[in-house]
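Breakdown of the fold
Listed below, chain by chain, are the residues.
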Amino acid sequence: MSRPGAAQHRVARLGILLSGRGSNFLAIAKSIESGSLKGLADIAVVIANVEDAPGLAAARELGLPTALFVSKGRKRAEHDADVAACLSEHEVDLVILAGYMRLLSPEFIAAFPNRILNIHPSLLPAFTGLDAQTQAFEYGCTVAGCTVHFVDEHLDHGVIILQRAIPVLETDDAHSLAERILVEEHTAYAEAIARVVSGQYCFEGRRYLRIAEA
Ligand code: GAR
């Protein structure tokens, strides 16, 4: 049994990485303001890799510290080094991938051991990669969902913190299914972050186990 999550006694500083719409980021921001993350976490910086990402504009509107490092055409390791330096500058405790559609370099992952979380819109290990909701729909799954997990060096692979399952309805199409999964994502991510910042967990192999408070 290993215990990466030393109990946290201060408000955790989150570094949000996003590429697009940013609805998961906004759900996290809302739950910091008045929900399950209130008093547990703060957003230290929002970083985008796409200039016109709506999530970046939303973060600016909220008056949060933001940074843009355009990744297109850049070597992965160089781009990631800039992002890592920015996260360190902002003294980030936990890196939150919120629709960050870019693979991370091994150097970046090593710089934040067990401190990077991702949300993926499938019940992993099924349907990794892009358009996971469409993959699940077209496969004919009758259950779909989302997964929040630690990030390791393999795609959509690290230790699972929590999953949320929903039925696929006969009336669904890929779009309606994705929308209903997204509703789950918005509460699942905040809950997973709260669990991790509590520090009350350990790993048993690939299993994430919660430790009851003494
Ligand atoms: C979300 O559905 C998230 O799970 C997915 O991108 C969407 C981002 O939406 N992430 C991945 O597929 C990562 N593999 P958002 O920008 O509105 O949060």
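Residues numbered from 1 in each chain as written. Predicted model: local features only at pLDDT ≥ 70, side-chain atom pairs only at ≥ 80, totals over all residues. Heavy atoms only, no water.

**Describing the pairing of strand 9 (residues 207-210)**
- Note that strand 8 (residues 201-204) and strand 9 share four bridges and pair antiparallel. Across the sheet, residue Phe 203 finds its bridge partner in strand 9, namely Tyr 208. (Pairing = 2+ DSSP bridges. Helix = DSSP H or I, 4+ residues; strand = E, 2+ residues; numbered from the N terminus.)

**Focus on the site of the ligand**
- Within the structure, the ligand sits among Arg 21, Gly 22, Ser 23, Asn 24, Gly 99, Met 101, Ile 119, His 120, Pro 121, Gln 133, Asp 156 and Glu 185.
- Between the ligand and the protein, one listed contact pairs an oxygen atom with a side-chain N or O atom of Arg 21 at 2.6 Å.
- Expressed as a share of its isolated accessible area of 450 Å², the protein-covered part of the ligand is 88%.
- Listing elements by their share of the shell around the ligand, those giving two or more residues are helix 1 (23-34) and strand 5 (116-120).
- Looking at the shell around the ligand residue by residue, the class counts come to three nonpolar, six polar and three charged. (Near = heavy atom within 4 Å. Polar contact = N/O pair within 3.5 Å; in protein donor to acceptor, adjacent residues only side chain to side chain. Areas by Shrake-Rupley, 256 points an atom, 1.4 Å probe, with all protein chains shown as cover. Nonpolar A, V, L, I, M, F, W, Y, C, P; charged D, E, K, R; others polar.)

**Things to note about the pairing of strand 4 (residues 94-97)**
- Of the two faces of strand 4, the one carrying Leu 94 and Ile 96 and the one carrying Val 95 and Leu 97 are both buried.
- Inspection of the sheet shows strand 1 (residues 12-18) paired to strand 4 by four bridges, in the parallel sense. Opposite Ile 16, over in strand 4, you have Ile 96 as the bridge partner.
- Viewed along the sheet, the connection from strand 4 through helix 4 (residues 106-111) into strand 5 turns out right-handed. (Buried < 20%, exposed > 50% of the residue type's maximum accessible area, 1.4 Å probe, protein only. Right-handed = clockwise from strand over helix to strand, strands pointing away.)

**Some details on the side chain of Asn 24**
- With respect to the secondary-structure elements, Asn 24 resides in helix 1.
- Judged by its relative accessible area of 9%, Asn 24 is buried.
- In this structure Asn 24 touches Ala 98, Ile 119, Leu 182, Glu 185, His 186 and Tyr 189, once residues within four positions along its chain are discounted. (Contact = heavy atoms within 4.5 Å.)

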